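Okay, here's what each chain looks like letter by letter:
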Amino acid sequence: MTDFCALLGVKGGPAIRPGSNMPTSILVSLAGRTVLVDAGLGVTRSLCDQGIDLREVTTIFVTHLHSDHYLELGPLLHTAWTAGLVAPVRIFGPAGLERYWQGFLASMKDDIDLRIADEGRVDLAGLVTIHHLDEGPVLHEDGFAVTALRNDHPPLVDTFALRFEAGGKRLVLSGDTAFMEEMATFAKGADLLVHEAMLTVGVEAVISQLGHQDDRLRQHILRSHTPADMVGRVARLAGVRHLALNHFVPDGFPGFGDADWTQEVRRAWDGGLTLGKDGLRIEF
Ligand SMILES: [Zn+2]
Ligand SMILES: [Zn+2]
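Computed from a predicted structure; not experimentally measured.

J.: Residues and numbers for the overall build of the protein chain, please.
T.: If you tally the helices and strands in the protein chain, you get 10 helices and 14 strands. Taking 19 Å as the expected radius of gyration for a compact globule of 284 residues, we find that the protein chain reaches 19 Å, a close match to that expectation. In terms of overall dimensions, the protein chain has C-alpha extents of about 60 × 50 × 30 Å along its principal axes. Relative to its 284 residues, the protein chain shows a buried fraction of 53%. The long-range fraction of contacts in the protein chain, counting pairs at least 24 apart against all pairs at least 6 apart in sequence, stands at 67%.

Spelled out as structure tokens, the structure:
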């Protein structure tokens, strides 16, 4: 079976516009296992577009509590439930995710209670278990290992990169992060590194698009994401086999295209490179 990583949504940040990609979700298929990492807006449709039966998605990771990474988690689970989900689902996420989930259940209580009574559904709440995601080994079962690294994405503290290892393959997902040397160690020898990327000159385009001009957003973006040339540097230091970019900031703005991203990354990286697109499957 071919191992792959499908980039379901590659846009950095929660706002979407005509022509933009969708916020972040990644489907991982490794050693016969299917895992979802993040559940940004559009994740449910994107999984179907990948030919994935929603009932098969029973292990989910949420890297951090920015809405572009979990806004659609509740709707995804609810939709899987209406599609016949009866198996337990485990979710690994930061402290606080439980509050989101309980809030989602409360917001849909009328519908959920109705479907249990009227359609004989199992109780959705009872299917889902949320595990607290923390740095270090997260999962190790049947040769399938997941490890988390606390990354650098202020002001959040519970924010993580993830490494998946199975069948001699290694996949690393950076999550949202500023440049960090430790990422290169964490991603050492990966077959595929999917790393977030920022085009520093493009950040002004993001800011100017907004009705309100507040310097806090500019500062947040600049200190919590990785300039594209530094992404190349991480890949080189780690000696990965292939680098893919996702979580583009900016995304969908005129004036910034593939050539700009490639030029920046190529300052430091001459290995395999893929610029992510919504729905793109990368085999590794
Ligand atoms: Zn994000
Ligand atoms: Zn974030």
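J.: Explain the layout of surface pockets to me, using residue names and the numbers behind them.
T.: Roughly 360 Å³ of internal volume is contained in the largest pocket. Around the largest pocket sit 23 residues that line it, and Gly-12, Gly-13, Pro-14, Leu-217 and Ile-221 are the ones nearest its centre. Mapped onto the lining of the largest pocket, the elements with two or more residues apiece are α8 (215–224) and β12 (242–249). For the lining of the largest pocket, a count of residues per class yields 10 nonpolar, eight polar and five charged.

J.: Break down the pattern of salt bridges for me, citing the residues and quoting the values.
T.: Applying the stated criterion to the full structure yields 20 salt bridges. When the shortest N-O distance is used, the salt bridge between Arg-150 and Asp-158 registers 2.9 Å. A relative accessible area of 27% places Arg-150 in the partly exposed class. In the salt-bridge network here, residues are joined through shared partners; they are Arg-33, Arg-90, Glu-141 and Asp-142.

J.: Give a detailed account of the packing of helix α2 (residues 73–82) against helix α4 (residues 109–119), specifying residues and quantitative values.
T.: Contact geometry for α2 and α4: axes closest at 12 Å, N-to-C directions at 15°. In terms of orientation, α2 and α4 fall into the roughly parallel class. The chirality of how α2 crosses α4 is left-handed. Between α2 and α4, the contacting residues are His-78, Trp-81 and Thr-82 on the first element and Asp-111, Ile-112, Arg-115 and Ile-116 on the second. Split by residue class, the contact of α2 with α4 holds three nonpolar, two polar and two charged.

Calculation criteria
- Numbers given for residues are sequential positions, taken from 1 along each chain in its written order.
- As they are written, the chains are lettered A onward and the ligands numbered 1 onward, keeping that order.
- Reporting of local features is limited, given that this is a predicted model, to residues whose pLDDT is at least 70; pairs of side-chain atoms are given and counted only at 80 or more, and all residues count toward the totals for whole chains, interfaces and linings.
- Computation of side-chain values covers all heavy atoms of the structure but excludes hydrogens and water.
- Each helix is a run of H or I in the DSSP string that is no shorter than four residues. Each strand is a run of E no shorter than two, and both are numbered from the N terminus.
- Restricting the calculation to C-alpha atoms gives the radius of gyration, and the globule rule supplies 2.2 Å times the number of residues raised to the power 0.38.
- Burial classification: accessible surface area is computed with a 1.4 Å probe over protein chains only, and a residue below 20% of its type maximum counts as buried, one above 50% as exposed, and the rest as partly exposed.
- We call two residues in contact whenever any of their non-hydrogen atoms come within 4.5 Å of each other.
- Think of a 1 Å grid over just the protein atoms. A cavity is a set of points where a 1.4 Å probe fits yet cannot get out, a pocket is an open set with protein on both sides within 12 Å along at least five of seven lines, and lining residues have an atom within 4 Å of a point.
- Grid points are joined across faces, edges and corners, and a volume is the space filled by probe spheres set on the points.
- In this count, Pro and Cys sit with the nonpolar residues alongside Ala, Val, Leu, Ile, Met, Phe, Trp and Tyr, while Asp, Glu, Lys and Arg are called charged and the others, Gly among them, polar.
- Any Lys or Arg side-chain nitrogen found within 4 Å of a carboxyl oxygen on Asp or Glu counts as a salt bridge.
- Only C-alpha atoms enter the line fits that serve as axes; for helices the fit covers just the stretch in contact. Angles between N-to-C directions range over 0 to 180 degrees.
- Working rule for angles: under 35 degrees goes down as roughly parallel, over 145 as roughly antiparallel, 65 to 115 as roughly perpendicular, anything else as oblique.
- Less than a right angle of anticlockwise turn of the near helix away from the far helix marks a crossing as left-handed, whereas a clockwise turn marks it as right-handed.

Don't take any of this as a statement about function, it's just geometry.
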